[in-house]
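Listed below, chain by chain, are the residues.
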Amino acid sequence: MQATAAVETMLRIPASRFQNQSAEQLPIDLRRGIGPDDAATIALYSNPALRAIRDRRRLASAQVIQAGILPNPVVSYARDFVTGGNTAGTVTAYNLTAAWEFTALIPFLPKQTAARKSFRSVDLDVAWQEWQIAVNARTAVYRVLSLDAQIARAREATSGLQQSTDAMRKAVDAHEKTVLDLAAVESASQDSRATMLALEQEFEKQRLGLNKILGAEPEANVALRESLSLPTRLTPPAEHDLFDNLESHRLDLLGLRQGMESQDATVRAAVLAQFPKMSVAIVKASDTTNVHTTGFAFAVDVPIFDRNQGVIATERATRQRLVDEYNQRLFEARSEIAIAIADIRSLDRQIAAAEEALPLLEKLVDSAQTAIEQRNADVLSYYTARSNLLQKRIQLIKLQEQLLEAHTALEIASGRYLPINRALQPR
């Protein structure tokens, strides 16, 4: 992405960010802003970390090529020159040998199978990391959206308290209010301003985090769609539906299964490699008396000390580690799904409780304001109620953000894309 003067309306992704490079760039119109799914798509194209991750495919592809290559034949040629002694009737001797280790054919097929399975495992693992980056890009949008809403509430409250402070200061100068009343409103104003500044700091941090995962420069202003809103309730799928065929939806589990099959083939190749190395050679020679001979040679390694037992033990241990890792990830996935669903249901209840409490707090603030105007209550109680209302509003927005993050955790744990409320879908 290039930061230009029109960065607010146009985001350009250079062709160098693509795996298959072309002479053109991909423009994305930002005049309407982006949503969570838009961010996920942009991140898949332009996140710099993905290029290094995708390079693993090339390495795995090279290993497939290497596994299909047989050892080269060995050709040797030697000449013996007559340099002294009884040299009458002698000629220069030579020896020509062509040899090849044919036992390389024995583990050849298992090695090819292991390389192909390993390539599929790497491919699925890369896809799993791409999926996580896409989901994290959506989460970054949720956080920026949530903080933007929190800041709006905090600025509204701070502005109102600043106006109250100015009015209270004039009232004190006119001897209509006490210094204690002024101190109460100033304290509430300072607390609200501190909350606003902390939220603005966190917003800037999350904005830069969104730019980073999108591959944009820090100064780029990536606007969100104005129609986006935070959900107040999400209904997760049934737990047993997500458990069914979980192994087929989680790309990392599919990759591990391919890795285990690759390791099985590697173990078979290591076992077959116990067979003694053998090579056969054709020999053509001539001695110094000009006698020509043609024959063959046969060489065998005698497996007295090295019977490939160390390699076999290593590959078997690696296979067991992959099996254990697969079982561990499957167990963790089921546990994470259950936790995410429980979190969503709990957050639904918390949001409902917070929404029920807001009208009561608003009514309390209105009553306190009326009591202040009628001189039936102290100023401190009014501004305490007002501060509580602000905190409750911010808490509600944070709960909505946590609800989205719990939904994201459920997507990652289940390996499925789970659409949420329409306000967060592209239009």
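See above for the structure.
All of these numbers come straight from a predicted model, not from anything done at the bench.

1. Considering the overall build of the protein
Right, so step 1: Scanning the protein from N- to C-terminus turns up nine helices and six strands.
Right, so step 2: Relative to its length of 427 residues, the protein is extended, with a C-alpha radius of gyration of 37 Å against a globular reference of 22 Å.
Right, so step 3: Principal-axis analysis of the C-alpha atoms gives the protein an extent of 140 × 50 × 40 Å.
Right, so step 4: Within the protein, buried positions represent 39% of all 427 residues.
Right, so step 5: About 23800 Å² of surface is accessible on the protein, with carbon and sulfur atoms providing 54% of the total.
Right, so step 6: If the 49 positive side-chain charges of the protein are averaged to one point and the 51 negative ones to another, these points end up 5 Å apart.

2. Digging into the pattern of salt bridges
Right, so step 1: The tally for this structure, following the rule as stated, stands at 20 salt bridges.
Right, so step 2: The partner of Asp 37 in a salt bridge is Arg 138, and the shortest N-O contact between them spans 3.5 Å. Taken together, the positions of Asp 37 in helix α1 (residues 36-46) and Arg 138 in helix α3 (residues 108-173) put the pair 101 residues apart, joining distant regions of the chain. Assigned by exposure class, Asp 37 and Arg 138 land together as buried.
Right, so step 3: Between Glu 130 and Arg 54 there is a salt bridge, and its shortest N-O distance comes to 2.6 Å. You can see Glu 130 sitting in helix α3 and its partner Arg 54 sitting in helix α2 (residues 48-67), a full 76 residues away along the chain. Note on accessibility: Glu 130 and Arg 54 belong to one class, buried.
Right, so step 4: Several salt bridges share partner residues, and in doing so they unite Arg 250, Asp 252, Arg 321, Glu 325 and Arg 329 into one network.

3. Re the layout of surface pockets
Right, so step 1: Roughly 1000 Å³ of volume is contained in the largest pocket.
Right, so step 2: Taken together, 45 residues form the lining of the largest pocket, with Lys 111, Ala 114, Thr 266, Ala 269 and Ala 270 sitting closest to its centre.
Right, so step 3: Residue assignment for the lining of the largest pocket shows that the elements contributing at least two residues are α2, α3, α7 (251-272) and α8 (309-373).
Right, so step 4: Counting residues per element, the lining of the largest pocket draws most heavily on α7, at 10 residues.
Right, so step 5: Of the residues that constitute the lining of the largest pocket, the class distribution is 21 nonpolar, 13 polar and 11 charged.

4. Some thoughts on unusual backbone geometry
Right, so step 1: The phi dihedral of Asn 245 is positive, around 55 degrees, even though this residue is not glycine.
Right, so step 2: With respect to the secondary-structure elements, Asn 245 resides in the loop between α5 (239-243) and α6 (246-249).
Right, so step 3: Positive phi is not limited to glycine here, since Asn 308 has a value of about 65 degrees.
Right, so step 4: Note that Asn 308 resides in the loop between β6 (292-300) and α8.

5. Thoughts on the sheet that holds strand β5 (residues 278-286)
Right, so step 1: The strand order across the open sheet built from four strands is β3-β4-β5-β6, with neighbouring strands paired in antiparallel fashion. In the strand order of this sheet, the two ends are held by β3 (74-80) and β6, each with one partner. Strand-to-strand twist across the sheet, computed as the mean angle between neighbouring axes with direction ignored, equals 15 degrees.
Right, so step 2: As paired elements, β5 and β6 share nine bridges and run antiparallel to each other. From the neighbouring strand, Ser 286 faces β6, where its bridge partner is His 292.

Conventions adopted
- Residues numbered from 1 in each chain as written.
- Predicted model: local features only at pLDDT ≥ 70, side-chain atom pairs only at ≥ 80, totals over all residues.
- Heavy atoms only, no water.
- Helix = DSSP H or I, 4+ residues; strand = E, 2+ residues; numbered from the N terminus.
- Rg over C-alpha atoms; globule rule 2.2 N^0.38 Å.
- Buried < 20%, exposed > 50% of the residue type's maximum accessible area, 1.4 Å probe, protein only.
- Areas by Shrake-Rupley, 256 points an atom, 1.4 Å probe, with all protein chains shown as cover.
- Lys, Arg positive; Asp, Glu negative; His and termini not counted.
- Charge placed at Lys NZ, Arg CZ, Asp CG, Glu CD.
- Salt bridge = Lys/Arg side-chain N within 4 Å of Asp/Glu carboxyl O.
- 1 Å grid on protein atoms, 1.4 Å probe; cavity = no way out; pocket = protein on both sides within 12 Å on 5 of 7 lines; lining within 4 Å.
- Points joined across faces, edges and corners; volume = space filled by probe spheres on them.
- Nonpolar A, V, L, I, M, F, W, Y, C, P; charged D, E, K, R; others polar.
- Pairing = 2+ DSSP bridges.
- Axes fitted to C-alpha atoms, helices over the stretch in contact; angles between N-to-C directions.

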